[in-house]
Amino acid sequence: MNRFRVSKFRHTEARPPRREAWISDIRAGTAPSCRNHIKSSCSLIAFNSDHPGVLGIVPLQGQGEDKRRVVHLGCHSDLVTDLDFSPFDDFLLATGSADRTVKFWRLPGPGQALPSAPGVVLGPEDLPVEVLQFHPTSDGVLVSAAGTAVKVWDVAKQQPLTELVAHGDLVQSAIWNRDGALVGTACKDKQLRIFDPRTKPQASQSTQAHENSRDSRLAWTGSREHLVSTGFNQMREHEVKLWDTRVFSNALASLTLDTSPGCLMPLLDPDSGLLVLAGKGERQLYCYEVVPQQPALSPVTQCVLESVLRGAALVPRQALAVMSCEVLRVLQLSDTAIVPIGYHVPRKSVEFHEDLFPDTAGCVPATDPHSWWAGDNQQVGPGPGSPLLASPSSRKPPVWLCANSVWPAACPPSLPSRPSHGGLPDRAAHAPITPLLASMQVQKVSLNPACRPHPSFTSRLVPSMEPLPDTAQPAVMETLVGDVDASEGFSSPPSSLTSPSTPSSLGPSLSSTSGIGTSPSLRSLQSLLGPSSKFRHAQGTVLHRDSHITNLKGLNLTTPGESDGFCANKLHVAVPLLSNGGQVAVLELRKPGRLPDTALPTLQNGAAVTDLAWDPFDPHRLAVAGEDARIRLWQVPPQGLEEVLTTPETVLTGHTEKICSLRFHPLAADVLASSSYDLTVRIWDLQAGVDRLKLQGHQDQIFSLAWSPDGQQLATVCKDGCVRIYRPRSGPEPLQEGPGPKGGRGARIVWVCDGRCLLVSGFDSQSERQLLLYEAEALAGGPLAVLGLDVAPSTLLPSYDPDTGLVLLTGKGDTRVFLYELLPESPFFLECNSFTSPDPHKGFVLLPKTECDVREVELMRCLRLRQSSLEPVAFRLPRVRKEFFQDDVFPDTAVSWEPVLSAEAWLQGANGQPWLLSLQPPDMSPGALRDWVCGGSRMGVGERDRRPRLKFRSCWHANSSGPCEGGVAVSISL
């Protein structure tokens, strides 16, 4: 909420009820615990009584004396430290205790007796259980914390799926984010940690939360990038901080309240963004609105309480009085009563206000523990019979996907984007719902009373005290699954964690190539849930410090947006320096370590550097573009730069304005393309030192250009909002034109899917970063798919690996690297694990494929430029049988360091194809043998031996883990 935005909650009032509406005559416990002591479902309230190990149970709704009838449940032999209701089953309660166990109870409905024993017991743990919470999208998954141990449980199997490690002291809070992919923890060691439990047990991010080690609490917002922490500062004052996981080193916003010994409980409603701060032992509630813009924590209202607060809880949104505009209800637990406090927005008309009550998560779980652990990120569905689960009819018009909202902000204005009653968007009649879109947050239920009742769900974790009707659970689940077209299914939704993500399908690989078999039931489930990338478990890891180049000084961190900021090949790294004359430092990748404090030898370019690129066929030749509209070609000595070079090998002149981008031809030697602010693209013959071709037709600044893989076409994206494809040898005018990104802040373009498609990264009209995928042969028809990611100022820089179809996406100043597998057909984008770093990077480039360590199943190796260092990042795929060459991951790769054509031949119309190289080391067994040994292949050895193969194999040293430089040999396998 900023100066240009007026909050719809600015007039919200807190309305404490009359005493007649209180739940009186209770005796609440005051045991020392940092938890809430009270929880509510849509049907029941559970709270700590004054007897250790005993809970009070009372209906949420009731009239007269019925509402005041409190029954007591003896749960544990010691203090109940935490409790939580299932988000799907109003009568399923989990309790944790100082007796070191977690128990699950089926609470009674009307006319039923209290259970005499728990349905499930987890533990005992080594220490008292302090924290527990149900998973928000999967029935039967729970996180618990006991001492320093945080475990994620499969409740039905009564076994932990994983244990989150590295906590240095008592864990005070552990909470799922809204889509259930991440876990945030607050610890007595003052650290705030973010875990992706399906990737690794270690924290993916951590930072110091509060300066005081006293009770700290967490709450996630509606997005997976932001969470709120409460704690104490050094002056023992209550402190609230808002964190952005994409920039995790510092809090996005913070505020300080009063001084009090009791912990501050954050009660956050992710749908409305309203945050209620309740301090134990106090008589006041603070209400704030959490928004991503500044000021990020905006005060809304305060409420003075009649009695001291012992605990507090939010009532689920499905139980609110929406017709009286009740946007929030807090249950205050005092010593002798439970006081419901409603927060209302004054409105003149008595009707359902859609702006106050967006669709909320339904009560039908999206997945089961096994599927979730295998990487399923389905969101909570709307229930059976929803039209959102109908199969799509065709691929066109374009598929609009968005990670942060139901519909992207740039949807066509002629099609309304607000959901109608029942959760089905009005524009569904105009465009099909794709599997990826159907798996996102559109799968919700409306709070409009006209759309009720909603489907109910009864968990099978704890059997009911009475036999369930035949249609209770099976009817819901069977209808939910039966309405899905198995040929289309669902796909994992993309994420902005911030996360980097992220955002992500995790867990152990279940493909046959990993050495783990796939059961028929799992294959059936995968056919329903839709395709998922075999690279979804890829993990980005910063390599050992011995491979870093440190003590970088004087870097130019303000290179133009059209430039990647630096460039690298397998030998050298060129980095612009912040100095007069456009100096460029050349670093040697084969000589890592700390650079001397003295000045480095540089290339004296003579003008400020706008872009630079290494010649793919001559690893020692560097092209540098300057603001003086000239391109200088430098020849770096093979042993590295040992003295200052002031005279370039060649100077190319022809442009009349400063140059934007440089791109070498992928197949022809001595061919370079450059774009300039003079709105032209020139094709240079470097042997002759002149421009041979000049491309026209741009009406504004050229953001980016890219050669097609076969080198016959060149694509550009321009500030005038158009994407163009040229055949440079056929004429200066574009062959095709199509609509590009609507935002004019910057864009990048790259050829993908074997040259059949174009990927453009840019901004929409609301400054949200997005990806657009085009069919190269039908550019005028617009994008095949649009994927919204997040809101950030820097342009996403795509790095594409044609062997795997993976694209890395990050921006200058980002801390997250998105990873997607691209497909030329639906669902187009398959999300994989994101890579996140604790500090922002200044650049991120992809190294040649031959630099990957195939023995470690390394898909890609990149270089990450930081403020004062350069570090390699390896993206590796977890595989069980690493002794076998993973041929499904490493197909034959192009020999990109040997030209196929000369500049003269290409200019005269000749075309060619690159040679192919096998990355398989001679001493590694082929992947086919792995399949035969593991039973994954039915082909016999003799039958396979009769299949000839012709490949270009790299020359491998016996004591080396990589290929020799430039070594290529032909081998025929029979």
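Just so you know, these numbers come straight off a predicted model, no measurement behind them.

A. Spatial organisation of the overall build of the chain. Along the backbone of the chain there are 7 helices and 66 strands. In the chain, which comprises 974 residues, the proportion classed as buried is 58%. Accessible area for the chain stands at about 37,400 Å²; split by element, carbon and sulfur atoms hold 50% of it.

B. Structural detail: the pattern of salt bridges. Summed over all chains, the structure comprises 42 salt bridges. A salt bridge links Asp597 to Lys553; the nearest nitrogen and oxygen atoms lie 3.4 Å apart. Note that Asp597 is positioned in the loop between strand 37 (593-594) and strand 38 (602-604) and Lys553 in the loop between strand 33 (549-550) and strand 34 (567-568), a separation of 44 residues in sequence. Each of the two residues, Asp597 as well as Lys553, counts as exposed. Among the ionic pairs, Glu858 bridges to Arg876, the shortest N-O distance being 3.2 Å. One end of the pair, Glu858, is in strand 61 (residues 858-865); the other, Arg876, is in strand 62 (residues 869-876), with 18 residues separating them in the sequence. Bridged by salt links that share partners, the residues Asp244, Arg246, Arg769, Asp790 and Asp814 form one connected network.

C. Local environment of the nonpolar core. Core analysis: the largest hydrophobic core is formed by 31 residues, its most contacted members being Val276, Leu285, Val327, Ile341 and Tyr343. Setting aside anything within four residues of it in sequence, one finds Val276 in contact with Met265, Pro266, Leu267, Leu285, Tyr286, Cys287, Leu328, Val330 and Tyr343.

D. Spatial organisation of the state of the cysteines. Under the counting rule described, the total for this entry stands at 0 disulfides. Between Cys287, a free cysteine, and Cys303, which holds the nearest cysteine sulfur, the sulfur-to-sulfur gap is 9.9 Å. Looking at Cys287, the relative accessible area reads 1%, which means it is buried.

E. Quick look at the packing of aromatic side chains. Applying the stated criterion to the full structure yields 11 aromatic pairs. Between Phe104 and Phe134, the ring centres sit 5.9 Å apart and the planes meet at 70°, which makes this aromatic pair edge-to-face. With Phe104 in strand 8 (residues 102-106) and Phe134 in strand 10 (residues 129-134), the pair connects residues that are 30 residues apart, well separated along the chain. Each member of the pair Phe104 and Phe134 is classed as buried. Chaining the aromatic ring pairs together yields one cluster made of Trp176, Trp372 and Trp373. A cation sits over an aromatic face here: Arg214 above Phe232, 4.5 Å from the ring centre.

F. Here's a closer look at the environment of Leu268. Position of Leu268 relative to the elements: it lies in strand 22 (residues 264-269). Distance from Leu268 to Glu289, taken between C-alpha atoms, is 9.2 Å for residues 21 residues apart in sequence. When residues no more than four places from it in sequence are discounted, the contact partners of Leu268 are Ala219, Trp220, Thr221, Val228, Leu274, Leu275, Val290 and Leu314.

G. Main features of the sheet that holds strand 15 (residues 183-187). With respect to topology, 4 strands assemble into an open sheet ordered 14-15-16-17, the strand pairing being antiparallel. The open sheet has two free edges, formed respectively by strand 14 (171-176) and strand 17 (205-208), since each of these has just one partner strand. Taken over all neighbouring pairs, the strand axes of this sheet differ in orientation by 15° on average, direction set aside. Bridging between strand 16 (residues 191-195) and strand 17 involves 4 bridges; their strand directions are antiparallel. Opposite Leu192, over in strand 17, you have Thr207 as the bridge partner.

Scoring rules and cut-offs
- Residues numbered from 1 in each chain as written.
- Predicted model: local features only at pLDDT ≥ 70, side-chain atom pairs only at ≥ 80, totals over all residues.
- Heavy atoms only, no water.
- Helix = DSSP H or I, 4+ residues; strand = E, 2+ residues; numbered from the N terminus.
- Buried < 20%, exposed > 50% of the residue type's maximum accessible area, 1.4 Å probe, protein only.
- Areas by Shrake-Rupley, 256 points an atom, 1.4 Å probe, with all protein chains shown as cover.
- Salt bridge = Lys/Arg side-chain N within 4 Å of Asp/Glu carboxyl O.
- Core = buried A, V, L, I, M, F, W, Y, C linked by side-chain atoms within 4.5 Å.
- Contact = heavy atoms within 4.5 Å.
- Disulfide = S-S within 2.5 Å.
- Phe/Tyr/Trp six-rings, centres within 6.5 Å; stacked < 30°, edge-to-face > 60°.
- Lys NZ or Arg CZ within 6 Å of the ring centre and 35° of its normal.
- Pairing = 2+ DSSP bridges.
- Axes fitted to C-alpha atoms, helices over the stretch in contact; angles between N-to-C directions.

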